Amino acid sequence: MKSARPGTCKSVFTVLPVLGALAGATAAQGMFPAPSIAATDPAAVSASALDGVEPTYEPDQKITWYSPKVEPWRMFNLWIYPSIAAADDGARKLVVIIIVKDPSRGRPTSLQVDTGGEEVLIIPVSDSEKIKTHNSGCRVTQTIFLQNQVPLVRKLATATQARISLVGYQQTVHWTLAAEDFANFRRIAALWDAPALPPMLSKPVERSVPAGTVAAGESGVTNPVPIPSSKVRPRFPGFAKGKRAYGRVMLQAVVHKDGTVGEIEVKQGAGGDCGFEESAIEAVSKWRYEPATQNGQPIDVYFTIVVDFVYR
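Predicted model only: the values in this text are computed from it and were never measured. Numbering of residues starts from 1 in every chain and runs along the sequence as written. Only residues with pLDDT of 70 or above have their local features reported here, since the model is predicted, and side-chain atom pairs are shown and tallied only from 80 upward, although totals for entire chains, interfaces and linings are computed over all residues. Each side-chain value is worked out from all heavy atoms of the structure, with water and hydrogens disregarded.

> I keep staring at the packing of aromatic side chains and nothing clicks. Help me out?
Note on aromatic pairs: each is described by the distance of the centres and the angle between the planes. What counts as a ring pair is set by centres within 6.5 Å for rings of Phe, Tyr and Trp (its six-membered ring), and what kind of pair is set by the plane angle: stacked under 30 degrees, edge-to-face over 60, tilted for all other angles. Under the criterion given, the structure shown has five aromatic pairs. Measuring from centroid to centroid gives 6.5 Å for F236 and F276, while their planes differ by 75 degrees, and the two rings are edge-to-face. Placement of F236 in the loop between β13 (225-226) and β14 (247-255) and of F276 in helix α3 (residues 276-284) is noted, with a sequence separation of 40 residues between them. Just as F236 is buried, F276 falls in that class too. An angle of 80 degrees between the planes, with centres 6.1 Å apart, marks the rings of Y289 and F303 as edge-to-face. Of this pair, Y289 sits in strand β16 (residues 289-290) while F303 sits in strand β19 (residues 301-310), placing them 14 residues apart in sequence. Clustering of aromatic rings is evident, with ring pairs tying together F76, W79 and Y81. Positioned above the aromatic ring of F76, the side-chain terminus of K101 is 4.1 Å from the ring centre. Two limits define a charge over a ring: the Lys NZ or Arg CZ must be within 6 Å of the ring centre, and within 35 degrees of the ring normal. Above the face of the W287 ring, K231 is positioned so that its terminal group lies 5.3 Å from the ring centre. Each helix is a run of DSSP H or I of at least 4 residues and each strand a run of E of at least 2, with the numbering of both proceeding from the N terminus. Relative accessibility under 20% of the residue-type maximum defines a buried residue, over 50% an exposed one, and the middle range a partly exposed one, all with a 1.4 Å probe and only protein chains included.

This is the structure in structure tokens:
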């Protein structure tokens, strides 16, 4: 997709550079053969099997990870999801990954899963389980890798409600799973049961041009012009307060012919787990524009908007 010429809007705050990002997945351990189903050519597996799933390859470990897709800038307090590690030799394992933000002191000793039945499933988190802690951004992130969790994945793939508890911290972490979480478990469980895993695409899929729009600033199309009175100032993210953090967020937005802002996607995030992306989207969605025109007529366009959070 061709980029529109960026319209620039800046929000100035007093803040410091964001460092680091969440590290990649752990190396595979405890691999075991794929389910004993008749062999099938991976290329024959429907591409729809990857809907909502993001394969990533670790060349050093020679492992492909199949995990639910998520926007890298997404803000959350806890996220639990399954992931398949598939080695080049065909062996697989099913891992459950839990990401906790700003946990209290201590180390988790067990995961308790209540799906509304008579029994609560208790999964020990042994000292041998890999736990990574990252504190280089605006939030402390702890990532827990639970190995070989086929029963847990199947349980949550068929559940309609679930509340989990991470025991062992100074304050037990409780979380209720949402519909999106159950959908992720169903997707990965279905992939696990597939006779073969779909291969990774050779090239990343580019985001499609929003239907009914054209690029602003090209082929005789003018740029939309922001109406100053509508430019809501982006809120300074609470997680970035006191961190002297700064960042730039590049958004790709649809500006309708009536001047309203429609679909917004993060084209390039600020990183650092500070919330700049959400703040930028929240503000820009309220802005209004003098619409773009082509041959003197207002039209819907897609348009690049840059929001800078800087210190001075």
